[in-house]
Amino acid sequence: MDTGGVPPQRLIGSQVCRLDAPPRGHAPTGYLHPDEFFQSPEVMAGDILDLQVYYPWEFLSSSPCRTVVFPLITSGITYWMIKSLQQLGMWSNGINSYTLLVSPRLLLTTFSFILDYSVYRLAPFWGADRWNALVLLAGSYVTLVFYTRTFTNTLEGLLFALLMVLVSPKAVGYGTDISQAKPTSSSLIGIITVAGFFNRPTFLAFALMPLLYWAVLNATSQHSIKTIANHLLKLVSSTAFTALIFTAADTLYFTSIGSEISLYSIKKNGLLSTIAQINQNVIVTPFNFLRYNLNPHNLAQHGIHPRFTHFAVNGIMLFGILHILAISVGLKMLKINIHQLSWIRLHNHRPPTMLVLAKGNPTLLLFYFVPLAFLSLFNHQEPRFLIPLILPLVLLITPQNRTLKWKPIIIIFNVLGALLFGCLHQGGLIPCLSHLEQLIHSTESLNHPAHYTLVFAHTYMPPRFLLSINKRDPLVEIIDMAGTEENTLCQTLGQLANNIACGTRETDQERTCHFFVITPGTVRTTIQKCGVLFKNETLIFPHLTMEDPPQISFLFSEKWRSQLGLYILQIDRNEQSV
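In this text, all values refer to a predicted model and were calculated from it rather than measured experimentally.

Rules of the game
- Residues numbered from 1 in each chain as written.
- Predicted model: local features only at pLDDT ≥ 70, side-chain atom pairs only at ≥ 80, totals over all residues.
- Heavy atoms only, no water.
- Core = buried A, V, L, I, M, F, W, Y, C linked by side-chain atoms within 4.5 Å.
- Buried < 20%, exposed > 50% of the residue type's maximum accessible area, 1.4 Å probe, protein only.
- Helix = DSSP H or I, 4+ residues; strand = E, 2+ residues; numbered from the N terminus.
- Contact = heavy atoms within 4.5 Å.
- 1 Å grid on protein atoms, 1.4 Å probe; cavity = no way out; pocket = protein on both sides within 12 Å on 5 of 7 lines; lining within 4 Å.
- Points joined across faces, edges and corners; volume = space filled by probe spheres on them.
- Nonpolar A, V, L, I, M, F, W, Y, C, P; charged D, E, K, R; others polar.
- Salt bridge = Lys/Arg side-chain N within 4 Å of Asp/Glu carboxyl O.
- Expected span 1.5 Å × (residues − 1).
- Axes fitted to C-alpha atoms, helices over the stretch in contact; angles between N-to-C directions.
- Left-handed = near helix turned anticlockwise from the far one by under 90°.
- Disulfide = S-S within 2.5 Å.
- Phe/Tyr/Trp six-rings, centres within 6.5 Å; stacked < 30°, edge-to-face > 60°.
- pLDDT = per-residue confidence, 0-100.
- Polar contact = N/O pair within 3.5 Å; in protein donor to acceptor, adjacent residues only side chain to side chain.

This brings us to the nonpolar core. Membership of the largest hydrophobic core comes to 74 residues, with the highest contact counts inside it found for Val142, Phe146, Phe319 and Leu322. Looking at which element gives the most residues to this core, the answer is helix H8 (residues 152–167), with 10 residues. Filtering out sequence-adjacent residues up to four positions away, Phe319 remains in contact with Val142, Tyr368, Leu386, Ile387, Leu389, Ile390, Leu393 and Phe413. Within the second largest apolar cluster, 39 residues are counted, among which are Ala45, Ile440, Tyr452 and Phe465.

What follows is the structure, encoded as structure tokens:
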């Protein structure tokens, strides 16, 4: 959650005015990955609030690869409520960077308690103590940071948790005869599976083992063939119905077919002709997603990683010692199974220890490692892809009674993880956008309209919607230069410095132009070589960029604060370039 920051203190020195604190309205907040903004709130802010945004390629009608249903459920609902309150005069200033950032996160934070409920429900069955498992879950920085952000991976984890609850037998405890268990509703299982598939097709990797477990549970339970057939019929019908709803919603969103079809068109063209028109425009976003990501050339554009990255790096980065303990349990289980196979060959019967071990750990191990193995088949591997695995991991490790031994390490690891990813990582970019929003919408700017050009260099992609600029307002231009080279960056800054005045397409009058460069402190020295003068600079602290990390030696010098900061530099166009 974001809280109010400290009012900035202005330090006057020669020609440079510095701001060395976060702008009012935002505390430092880590920016994990552009997808937390550009797969939900950025898109919905443009569609519902009519703000200037950048639509990612997945949400363009020419390449629809993401369902619109879940962005509507999360960011869409919150933004519609804010817009309605503002139109009713109950919240005149409801649309601002703070509410646009916090409202979807608040809803996701509420949804994240599905994880707590799932642990509470599942722990007794898997032989874990409820409260120890809940403490392990709540203390993880993955829960605190990732599960409060608008990632599709977050929703994937919540749907995976619900699926695990649904496939687990009701009202049974650890050691109960599984053949006597009562399976849950097949319809709900079908709905959750299809919803997860449309959210992210990789959900099938997580759902595979729970679904197989549910199928075995039904096959071995004391039910008649008629009952089993009834379960399958409900599963198929709910799956088809849910897929139809998602497909219809995506088709209406990504095409103009929704506005073209009416009772008049059906009467004029006929029902069969109208249905044929719909069939020609049907959009099934998960298939487009798979078609794109199964192309190695497309994945290479997003980064190629070794296939062992999830297993050897990302698992440890997210879960720390818990991932290592899971590997240890898996190796021990493998050793026991090899020993049991040798025993069976010699004695022609199963050893008694296998009966105890097979009731808990082997299944949870499969719930954890099978999805990890499937995701490792793809060369593009990011840590957030594994966050749904926190639930089976907690249930697997809690009964091992090893967490007490590693308690200090677990606490230190999660505190550092929360600080790094929740505060430091690209942590100045969101307060920077809030500061610029206040500047653009200030009383002076409203009385004397000006044109603002914002150049972002060596930062993550800036979410435009946090500037709260209406689509019909042409007075703000954003140039995202990402990690561009020094020559290109200097050339762009030189062109901006020599641009004395600018006009708008709507009017012929000239407006004052303001040019700002937003860049990390580690890149500021490079920009100084461009020969451009700056009249104002604002330092927002903290900000850590792993793409341009600070040198260790600078962190122990007087410049450590600037190395861990984000600069907003205003180009001085009234002076001659050096």
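The next point concerns empty space enclosed by the protein. By rolling a water-sized probe across the atoms, one finds the places where empty space is left. Taken as a whole and judged by the stated rule, the model has 3 cavities of 30 Å³ or more. A volume near 110 Å³ is recorded for the largest cavity. Gln39, Phe70, Pro71, Thr152 and Leu155 are, among the 14 residues lining the largest cavity, the residues nearest its centre. Breaking the lining of the largest cavity down by element, the ones donating at least two residues are helix H3 (69–87) and H8. Of the residues forming the lining of the largest cavity, the biggest block, 3 residues, is contributed by H3. Split into classes, the residues belonging to the lining of the largest cavity amount to 6 nonpolar, 7 polar and 1 charged. The space that makes up the second largest cavity amounts to roughly 50 Å³. As for the second largest cavity, its lining consists of Leu136, Ser140, Leu318, Phe319, Leu322, Ile390, Val394, Phe413 and Asn414. Taken together, the residues of the lining of the second largest cavity sort by class into 7 nonpolar, 2 polar and no charged.

Attention shifts here to the pattern of salt bridges. All told, the structure shown has 8 salt bridges when counted by the stated rule. Residue Arg200 is joined to Glu156 by a salt bridge in which the shortest nitrogen-to-oxygen separation is 3.6 Å. In this pair, Arg200 sits in the loop between helix H9 (186–199) and helix H10 (203–220) while Glu156 sits in helix H8, placing the two residues 44 residues apart along the sequence. In this structure, Arg200 and Glu156 share a single accessibility class: buried. Taking the shortest distance from any N to any O, the salt bridge between Arg524 and Glu537 comes out at 2.4 Å. In this pair, Arg524 is assigned in helix H26 (residues 521–528) and Glu537 in strand E7 (residues 534–540), connecting sequence segments 13 residues apart. Judged by relative accessible area, Glu537 falls into the buried class, the value being 6%. Salt bridges linked by common partners bring Asp35, Glu382 and Arg384 together as one network.

This brings us to the side chain of Thr453. When you line up the elements, Thr453 lands in strand E3 (residues 450–457). Beyond its immediate chain neighbours, meaning those up to four positions away, Thr453 contacts Glu477, Ile479, Leu496, His514, Phe515 and Phe516.

So, on to the pairing of strand E8 (residues 566–571). The element E8 is extensively covered by neighbouring structure, given that 6 of its 6 residues are classed as buried. Residue alternation in E8 divides its side chains into two sets, Leu566, Ile568 and Gln570 and Tyr567, Leu569 and Ile571, and both sets are buried.

As a further point, take helix H23 (residues 429–440). The terminal C-alpha atoms of H23, which comprises 12 residues, lie 16 Å apart, in line with the 16 Å expected from a rise of 1.5 Å per residue. In terms of residue burial, H23 counts as a mostly covered element, since 10 of its 12 residues are buried. Along H23, the residues that are buried comprise Leu429, Ile430, Pro431, Cys432, Leu433, Ser434, His435, Leu436, Glu437 and Ile440.

The next point concerns the packing of H10 against helix H20 (residues 361–375). Running from N to C, H10 and H20 point in directions that differ by 145°, and their axes come no closer than 7 Å. The handedness of the crossing between H10 and H20 is right-handed. Between H10, through Ala205, Phe206, Leu208, Met209, Pro210 and Tyr213, and H20, the contact on the second element is made entirely by Thr363, Leu366, Phe367, Val370, Pro371, Phe374 and Leu375.

Position of Leu396 relative to the elements: it lies in helix H21 (residues 390–397). On the basis of relative accessible area, Leu396 is assigned to the buried category, the value being 0%. Considered as a pair, Leu396 and Trp126 are 270 residues apart in the sequence and their alpha carbons are 7.9 Å apart. Not counting residues up to four positions away in its chain, the partners in contact with Leu396 are Ala326, Val329, Asn361, Leu364 and Leu365.

Attention now goes to the state of the cysteines. Within the structure shown, the criterion is met by 1 disulfide. Here Cys490 is linked by a disulfide to Cys530, with a sulfur-sulfur distance of 1.9 Å. Measuring handedness by torsion sign, the sulfur bridge of Cys490 and Cys530 sits at about -65° and is left-handed. With Cys490 in helix H25 (residues 486–497) and Cys530 in the loop between H26 and E7, the pair connects residues that are 40 residues apart, well separated along the chain.

What follows is about the environment of Val370. Relative to the elements of secondary structure, Val370 occurs in helix H20. For the pair Val370 and Met209, spaced 161 residues apart in sequence, the C-alpha to C-alpha distance is 7.5 Å. If sequence neighbours within four positions are ignored, Val370 has contacts with Leu208, Met209 and Leu365.

As a further point, take the packing of aromatic side chains. The final tally for this structure, using the stated rule, is 26 aromatic pairs. When the centroid spacing of 6.4 Å and the interplanar angle of 15° are considered together, the rings of Tyr452 and Phe516 count as stacked. Of this pair, Tyr452 sits in strand E3 while Phe516 sits in strand E6 (residues 510–520), and the two are 64 residues apart along the sequence. What makes Phe516 buried here is its relative accessible area of 7%. Through pairs of rings, three or more aromatic residues link up here, namely Tyr31, Phe37, Tyr79, Tyr460 and Phe465.

Here the focus is the confidence of the model for the chain. When pLDDT is averaged along the chain, the result is 82; 81% of the residues meet or exceed 70. A low-confidence stretch, residues 257–266 (pLDDT under 50), is modelled with 14 contacts involving residues beyond four sequence positions or located in other chains. Confidence drops under pLDDT 50 across residues 503–508; counting only partners more than four residues distant or on other chains, this segment forms 5 contacts.

What follows concerns the side chain of Thr519. Mapped onto the elements of the fold, Thr519 is located in strand E6. One polar contact links the side chain of Thr519 to the main-chain carbonyl oxygen of Ala457, over a distance of 3.3 Å.

Our focus in this paragraph is unusual backbone geometry. Here Phe541 and Pro542 are connected by a cis peptide whose omega angle stands at 0°. With respect to the helices and strands, the residue Pro542 is situated in the loop between E7 and helix H27 (552–555). The residue Asp50 is not glycine, and still its phi comes out positive at about 60°. Turning to its location among the elements, Asp50 is positioned in the loop between helix H2 (41–48) and H3. By relative accessible area, Asp50 is classed as partly exposed at 25%. Located in the positive-phi region is Ala482, a residue other than glycine, with phi close to 50°. For Ala482, a relative accessible area of 35% puts it in the partly exposed group.

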